[in-house]
Amino acid sequence: MNYNTNNLSIKVENLERRFGNFTAVNKISFSVRRGEIFGLLGANGAGKTTTLRMLCGLLAPTSGTALIDNTDVARQPEKVRFKIGYMSQRFSLYEDLTVWENFRFYGGVYGMSAKDIRKKFEDLSQRLNFGEQADRLTRDLPLGWKQKLAFMVAAFHNPPVIFLDEPTSGVDPMVRRQFWDLIYESALAGTTIIVTTHYLDEAMYCDRLAIMAEGSIKAYGTPAGVLDEFKAVNMQEVFLKIAGKEALLQ
Ligand code: ATP
């Protein structure tokens, strides 16, 4: 597929990360357009989190480049920090702060004024109907609410790119569906979303995806394109074929 490079939000080329002799991410390349929902899939240990951490500027690559909005993440991590929101795999809000205090804290970290934080929080809590939770301690909320709020905090400063690391892990199917509605809403408003998941049904919700195994990208494209390439009826089958190939190579 040919992409207009002006419309590219993320461009990754030969990105590699080694830990000692172990290669966690093996020279991967992919690109993501503005407003696209891009899925990174793979079994535990495939290299998804390591990739996300390099894209966010939290971990230096061993070699290769990652550009966000044409800015090299490894060279200018500070510049990139304001362009992105990151929801880490482990719950990223402070459990001992209230919901409102979490928003106030993160809004401040991302340079929003106190007035903007207050106004945006009020709009958001009314629109999404969580005003009653505002003064509750975060640790007392159900997991589904925590995950939705963590997403809203990651999106609060209106970053053009949001990274979500296994955001729906452990939450029930109904909340997973609601969570994906939030993702769609953001993408429709033009935000680029990179999401990792190990739920194979969620692969079908992405505009395009990359499936990783042992640090490499084994499949890349639209969900329908990947199914077609692997002559598979569902993602489960694609995964089995990828795992099968690995087994044959060993
Ligand atoms: P998971 O869903 O379990 O997080 P993942 O696909 O995100 O899986 P990574 O967390 O990126 O996988 O890990 C890829 C590999 O790199 C794993 O084998 C992991 O043990 C290894 N690894 C990750 N971070 C380090 C580190 N700091 N030092 C050594 N090895 C690491």
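Residues numbered from 1 in each chain as written. Predicted model: local features only at pLDDT ≥ 70, side-chain atom pairs only at ≥ 80, totals over all residues. Heavy atoms only, no water.

Novice: Could you clarify how one ought to interpret the sheet that holds strand β10 (residues 216–221) in this entry?
Specialist: Strand pairs in the sheet, formed through backbone hydrogen bonds, run parallel or antiparallel to each other. The strand order β6-β7-β8-β3-β9-β10 describes an open sheet built from six strands, whose pairing is mixed. Looking at the sheet topology across the chains shown, the edges are occupied by β6 (84–87) and β10. Across the sheet, the mean angle separating the axes of adjacent strands is 15 degrees when strand polarity is ignored. Here β6 pairs with strand β7 (residues 161–165) via four bridges, running parallel. Residue pairing for β7: Ile-84 is matched across the bridge by Val-161. (Pairing = 2+ DSSP bridges. Helix = DSSP H or I, 4+ residues; strand = E, 2+ residues; numbered from the N terminus. Axes fitted to C-alpha atoms, helices over the stretch in contact; angles between N-to-C directions.)

Novice: What should I look at first to understand helix α1 (residues 48–55) in this one?
Specialist: Every α-helix carries 3.6 residues per turn, so stepping three or four residues along brings you back to the same face. Burial runs high along α1: six of the eight residues are buried. Buried within α1 we find Lys-48, Thr-50, Thr-51, Leu-52, Met-54 and Leu-55. Just downstream of α1, Gly-57 is the residue with a positive phi angle, here 80 degrees. (Buried < 20%, exposed > 50% of the residue type's maximum accessible area, 1.4 Å probe, protein only.)

Novice: Help me understand the pairing of strand β2 (residues 22–33), please; the structure alone is not making it clear to me.
Specialist: Consecutive side chains along a regular strand alternate between the two faces of the sheet. Direction of pairing for strand β1 (residues 8–19) relative to β2: antiparallel, over a ladder of eight bridges. Residue pairing across strands places Leu-15 opposite Ile-28, the latter belonging to β2. Between β1 and the antiparallel strand that follows it, β2, lie two residues; Gly-20 among them carries a positive phi value of about 65 degrees.

Novice: I'm lost on the nonpolar core in this one. Help?
Specialist: Looking at soluble globular proteins, one finds that nonpolar side chains tend to be buried together. Core analysis: the biggest nonpolar cluster contains 33 residues, and Phe-103, Phe-130, Leu-149 and Leu-164 have the highest contact counts within it. Elements with a minimum of two residues in this core: α3 (99–109), α4 (114–127), α5 (143–155), β7, α6 (173–188) and β8 (192–197). When residues of this core are assigned to their parent elements, the largest contribution, eight residues, is made by α5. Both domains that meet at this core, namely domain 1 (8–83 + 159–248) and domain 2 (94–150), each give it at least three residues. (Core = buried A, V, L, I, M, F, W, Y, C linked by side-chain atoms within 4.5 Å. Domains from an automatic or database assignment.)

Novice: Looking at this structure, I do not really get the sheet that holds β1. What am I missing?
Specialist: Read from one edge of the open sheet, four strands run β2-β1-β4-β5, paired in antiparallel fashion. In this open sheet, the two edge strands, each paired with only one partner strand, are β2 and β5 (71–72). Strand direction decides the pairing type here: β1 and strand β4 (residues 63–68), joined by five bridges, are antiparallel. Note on β4: the bridge partner recorded for Glu-16 is Ser-63.

Novice: Any chance you could explain the side chain of Glu-16 here in plain terms?
Specialist: With respect to the element layout, Glu-16 can be found in strand β1. What makes Glu-16 buried here is its relative accessible area of 6%. One polar contact links Glu-16 to Arg-18, side chain to side chain, over a distance of 3.1 Å. Ignoring any residue separated from it by four or fewer positions in sequence, one finds Glu-16 in contact with Thr-23, Val-25, Lys-27, Met-54, Pro-61, Thr-62 and Ser-63. (Polar contact = N/O pair within 3.5 Å; in protein donor to acceptor, adjacent residues only side chain to side chain. Contact = heavy atoms within 4.5 Å.)

Novice: Where do I start with the environment of Ser-169 in this structure?
Specialist: Inspection of the secondary structure assignment puts Ser-169 in the loop between β7 and α6. Under the relative-accessibility criterion, Ser-169 is labelled partly exposed at 31%. When the C-alpha atoms of Ser-169 and Gln-147 are compared, they prove to be 9.2 Å apart, with 22 residues separating the residues in sequence. Setting aside residues up to four positions removed in sequence, Ser-169 forms contacts with Leu-143, His-198 and Tyr-199.

Novice: Can you walk me through the side chain of Ser-9 in this structure?
Specialist: Tracing the sequence through the fold places Ser-9 in strand β1. Within polar-contact distance, the side chain of Ser-9 engages the side chain of Thr-192 at 3.0 Å. Among all residues touching Ser-9, those that are not within four sequence positions of it are Val-32, Arg-33, Arg-34, Leu-67, Ile-68, Asp-69, Val-161 and Thr-192.

Novice: Just to check I follow, could you spell out α3 for this structure?
Specialist: Buried within α3 we find Val-99, Trp-100, Asn-102, Phe-103, Tyr-106 and Gly-107. Axial view of α3: buried residues confined to an arc of 160 degrees, hence all on one face. Close packing links the buried residues of α3 with α4 and α5. In the segment just after α3, Gly-111 is the residue with positive phi, at about 80 degrees. (Arc of directions from axis to C-beta.)

Novice: Any chance you could explain the domain arrangement of the protein chain here in plain terms?
Specialist: Interface size is commonly expressed as the accessible surface area that is lost when the partners come together. Once the domains are mapped, the protein chain shows domain 1 (8–83 + 159–248) and domain 2 (94–150). The C-alpha centroid of domain 2 is placed 27 Å from the C-alpha centroid of domain 1. Of the roughly 800 Å² buried where domain 1 meets domain 2, counting both sides, 62% is carbon and sulfur surface. On the domain 1 side of the contact with domain 2, Arg-81, Phe-82 and Leu-182 bury the most area, a combined 40% of that side's loss. At the junction of domain 1 with domain 2, the criterion picks out one salt bridge. With a closest N to O distance of 2.7 Å, Arg-127 and Glu-185 form a salt bridge. At the boundary of domain 1 with domain 2, the tally comes to three residue pairs in polar contact (both at pLDDT 80 or more). It is α6 that provides the largest number of residues to the side of domain 1 that touches domain 2, a total of five residues. Grouping the amino acids of the side of domain 1 that touches domain 2 by side-chain chemistry returns six nonpolar, three polar and three charged. (Buried area = accessible area lost by both parts, 1.4 Å probe. Salt bridge = Lys/Arg side-chain N within 4 Å of Asp/Glu carboxyl O. Nonpolar A, V, L, I, M, F, W, Y, C, P; charged D, E, K, R; others polar.)

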